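Single-letter residue listing:
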Amino acid sequence: MVVGKALCFLALVVALSVARGQVPLGVASAAAFVAVYLATGGWRFLLLVVKTLPRDARGLYTLIKITLQVRYHTRANSTTASLFQAQVEKDPQKPCLIHDDRTWTFQQMEDFTNQVANAFQGLGFGPGDTVALFMENCPEYVGLWLGLSKAGVVTALINFNVREESLAHCIRDAEPKALVFGGGMAQAVAGIVPKLPPDLQLMCLGKLEVTDLDPSPTQLEQHLSKSSTQPPPPPATQHKFRDKLFYVYTSGTTGMPKAAVVTHTRFFYMAYGVNQFFAITSRDVIYDTLPLYHTAGGILGVGQVILCGATVVIRRKFSASQFWNECVRHRCTVAQYIGEMCRYLLAQPARPEEQQHSVRVMFGNGIKPHIWRQFQQRFGVPLIGEFYGATEGNCNIVNYENRVGAVGFTSRIAPWLYPVTLVRVDPVSGEPVRDRAGLCVHAQPGELGELAGKIVKGNPSREFDGYVSKSATQKKIIHDVFRKGDTAFMTGDVLLMDELGYLYFHDRTGDTFRWRGENVSSSEVEASISSAVGLKDAVVYGVHVPGLEGCAGMAAIVDEDDSLDLEALTAALQKSLPAYARPVFLRLLQQVDTTGTFKLKKTDLRKEGFDPSTVTDRLLYFSAAEGKYTPLTASAYSDICSGKIRL
C-alpha cells in the first residue's frame, strides 16, 4: 500500500513537471507509464524478476546445453556403451567402481562388458531380446546391463527385495528370454519357477544357495570365462541413441510394479543433468549406497562413471554406522541420499569421521525441511542438492541452491520454456479439475496440485517413453492441459509452488504412497493381506507420522468375528512383501464402506489416521522390538509421535 501511494505521488510529480515545461512530453509519458504500471501491482513482477532471473538463467543455460548434447549424440548414433568406451580410452587404469575390498578399473569393466556381449551373442541373444537381472549391488551388476546393451539386448532391472507373486509378475511383465540372478537370490527364484514361462532360460552368476532348482540354471561364469574381452561384432541393426537401454520398475496405482522404459537418451539426459547442476568431474569420487535397480543409484550415480569418468563407490546396502567412515576412507567428494538415510545418519552417535570427510555435495530426494539445516551443520556438507524426477516421466526438476525444502523450481517469468505445471485434482476421484473450456485448471502459488509435464515428441526433455505395458502408459497421459489438443504426463505426486516458483513435495495421489524411500502400491499390499486372512476385505493407505518422511502403511481389515490370526498374518507378510511395504499399523473393523461399484473407500480412514483417542476400532502397530503387532495404546501413540518408539 505504501509503495503504491508513493508511486502514484511520483506520477503526479511527473505530470506537474510536464505542465511546467520542465520535462519533455515523451520522457514524461514513459515515466508515467512505468509509474502507473508499478503502482497497479507491476512492481511485484519486477521484484520476481530480480529474485529469480539468475536462477532461471542458469537453469535455461543448462537445459540448452543438455539439449544440444542430446542432439549431437543422436546424430552420432552414440550409445551408453560408446560413451563409456570414451572414458576408458582417457584413463583405462583409473578406478571405475569400488565395492568392499574390490576395485574395478575402467579397463577391467570394459573387458567384462565385452565378455558379456560376446557370451550372450554366442548364446543366440541379439537386438529385440530382453534379459531380466535379479542381483544385489555389485560391479558385475553394472557390467551385465552395460555389456548386454552392446549386444542390443534390453535388461529388466528387478528390485531384489520383491518376492513371490510380485517377483514373478515383474519377470513376466518384461517378457524376457532369460533370467540372470545372483547365487544369493536362488531361493527366491526357486519359489516362483512354476509361475514363469516354461521356455525362460535361467542363468546364475555366483555360487548357488540352493541345489534343487528345476530346470537347473546355466552357470554364467563358464560362458564368460570362455568369451573374448575384445569388442563384440556389431549387430546387423545399428544401435541408436533413442533405443531402449533397460527397464526400471516403478510402483503404480494398478497394483503391481510396472516396467518403465529407459532409453539411452533418457539415461544421458538424467545423468548429465545431475552432472551439470552439481559440477561433477572425473576428479570426483561418489559414494552411492542406493540400490542399483533404482533410478537414483543406477542412473544418476553410476551415470557419472559413464559420462565423465568419475569413480563410484557402491555397497551391497546402506549402513548408517559406516557411511562417514567409508566417505573418509575412499576420499569421497560427492554422496547420494534418500530422505530416510539423512534421518538415520542424524540418529547415529557423533564420531570424528563425520567432520573429517571431503564431501562437498550430497544429492538426492526426500530430506525433510526440519532436518535440512541440522544435517548440514552437523556434518559440514556445503550443498544439499534436492531433486525430483519420475523414472519414466518428463518432470525432472532440481534444487541446486540449498533452498530448504524445495525439490526444484519452475520459471515464473517464462513458464513456457520448461512446461511443467501443477494441476488441480479432485481429492476424491483424483481426476483433473477443468474449466469451462475443458482445459485443466492450474494450481496457483500456495495451492496443492498434481505435477504434470507437457509431452513434446522429439524433444528429449519433454518426451514420455512410458512403460512396457501400453495400457499403463495411456493411463499416465492426459489431454487438453495447456491448450486444446496437447498431452501431458501426470506424475501422481502432489506438490505446492511458492511465489518464486520453488516446488515442494507434499504426497502421492491415488493408491500409492511413499515409505522408506520406496513407492508402495496399496492394492499390491491389499492383495497379499487378503490372501493371508482368508479373502477378508482389507484396505491399505498411507498415514503421516510426525517427524518421519513419507507415509507409513496402515491396513484396515474387516474382522467381524475377531478371528484374525496376527501371527499368521505377520509371517505371510514377511514372506510375500519387502520390509518397506509391510503395514506399520493395523485397524480391525467390523465392516468397511464400499462405493456403488464395490470399490473400497479409504479417504475417511486415511483422514482419521492412527490416533486411538479418535479411532474407536481396535488399533495395533508393528513393534520392531517384539517382532509382532502390538496394541496401539495412548501411551504408545505418544511415544511414536515423539520418536521414542522407532518404526
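Now for a description of the structure that goes with this document. (Residues numbered from 1 in each chain as written. Predicted model: local features only at pLDDT ≥ 70, side-chain atom pairs only at ≥ 80, totals over all residues. Heavy atoms only, no water.)

## Regarding the packing of helix H3 (residues 80–90) against helix H5 (residues 139–150)
No. 1: Relative to each other, H3 and H5 sit at 110°, their axes nearing to 8 Å. As summarised for this structure, H3 and H5 are arranged roughly perpendicular, according to the angle between their axes. Two secondary-structure elements touch here, H3 through Thr80, Ala81, Phe84 and Gln85 and H5 through Trp145, Leu146, Ser149 and Lys150.
No. 2: Grouping the constituent residues of the contact of H3 with H5 by class yields 4 nonpolar, 3 polar and 1 charged. (Axes fitted to C-alpha atoms, helices over the stretch in contact; angles between N-to-C directions. Helix = DSSP H or I, 4+ residues; strand = E, 2+ residues; numbered from the N terminus. Parallel < 35°, antiparallel > 145°, perpendicular 65-115°, else oblique. Contact = heavy atoms within 4.5 Å. Nonpolar A, V, L, I, M, F, W, Y, C, P; charged D, E, K, R; others polar.)

## As for H3
No. 1: Every buried residue belonging to H3 is among Thr80, Ala81, Leu83, Phe84, Gln87 and Val88, and all of these are buried. The arc enclosing the buried residues of H3, seen along the axis, measures out at 160°, which places them on a common side. The outward face of H3, more than 90 degrees from its buried face, is lined by the exposed residues Glu89 and Lys90. (Buried < 20%, exposed > 50% of the residue type's maximum accessible area, 1.4 Å probe, protein only. Arc of directions from axis to C-beta.)

## Some remarks on the sheet that holds strand E26 (residues 585–589)
Within a sheet, neighbouring strands are paired by backbone hydrogen bonds and run either parallel or antiparallel to one another.
No. 1: An order of E24-E25-E26-E27-E28 is seen for the 5 strands of this open sheet, with the pairing classed as mixed. Among the strands making up the open sheet, the edge pair consists of strand E24 (538–543) and strand E28 (628–631). Across the sheet, the mean angle separating the axes of adjacent strands is 30° when strand polarity is ignored.
No. 2: Across 5 bridges, the pairing between strand E25 (residues 552–558) and E26 is parallel. (Pairing = 2+ DSSP bridges.)

## Some remarks on the pattern of salt bridges
No. 1: Overall, the coordinates contain 21 salt bridges when judged by the stated rule.
No. 2: The partner of Glu549 in a salt bridge is Arg343, and the shortest N-O contact between them spans 3.5 Å. Taken together, the residues Glu549 in the loop between E24 and E25 and Arg343 in helix H13 (residues 339–347) connect sequence positions 206 residues apart.
No. 3: For Arg343, a relative accessible area of 17% puts it in the buried group.
No. 4: The partner of Arg587 in a salt bridge is Asp617, and the shortest N-O contact between them spans 2.8 Å. Remark: Asp617 occurs in the loop between helix H19 (603–608) and strand E27 (618–623) and Arg587 occurs in strand E26; sequence separation between them is 30 residues.
No. 5: The class of Arg587 is buried, set by a relative accessible area of 5%.
No. 6: What you see here is one network of salt bridges that share partners, running through Glu165, Arg172 and Lys195. (Salt bridge = Lys/Arg side-chain N within 4 Å of Asp/Glu carboxyl O.)

## A look at the side chain of Glu326
No. 1: Relative to the elements of secondary structure, Glu326 occurs in helix H12 (residues 323–329).
No. 2: The class of Glu326 is buried, set by a relative accessible area of 11%.
No. 3: Among all residues touching Glu326, those that are not within four sequence positions of it are Tyr287, Arg315 and Cys332.

## A closer look at the sheet that holds strand E14 (residues 383–388)
No. 1: With mixed pairing, 8 strands are arranged side by side in an open sheet as E2-E1-E11-E10-E12-E13-E14-E15. Taken across any chain shown, the strands that pair with only one partner, and hence form the sheet edges, are strand E2 (102–105) and strand E15 (397–399). Taking each pair of neighbouring strands and ignoring which way they run, the sheet shows an average axis angle of 20°.
No. 2: With 4 bridges joining them, strand E1 (residues 95–99) and E2 adopt antiparallel strand pairing. The residue bridging Leu97 from the neighbouring strand is Trp104, located in E2.
No. 3: Packing of H13 onto the sheet brings it into contact with strand E12 (334–338) and strand E13 (361–365), and relative to E12 it is tilted by some 105°.

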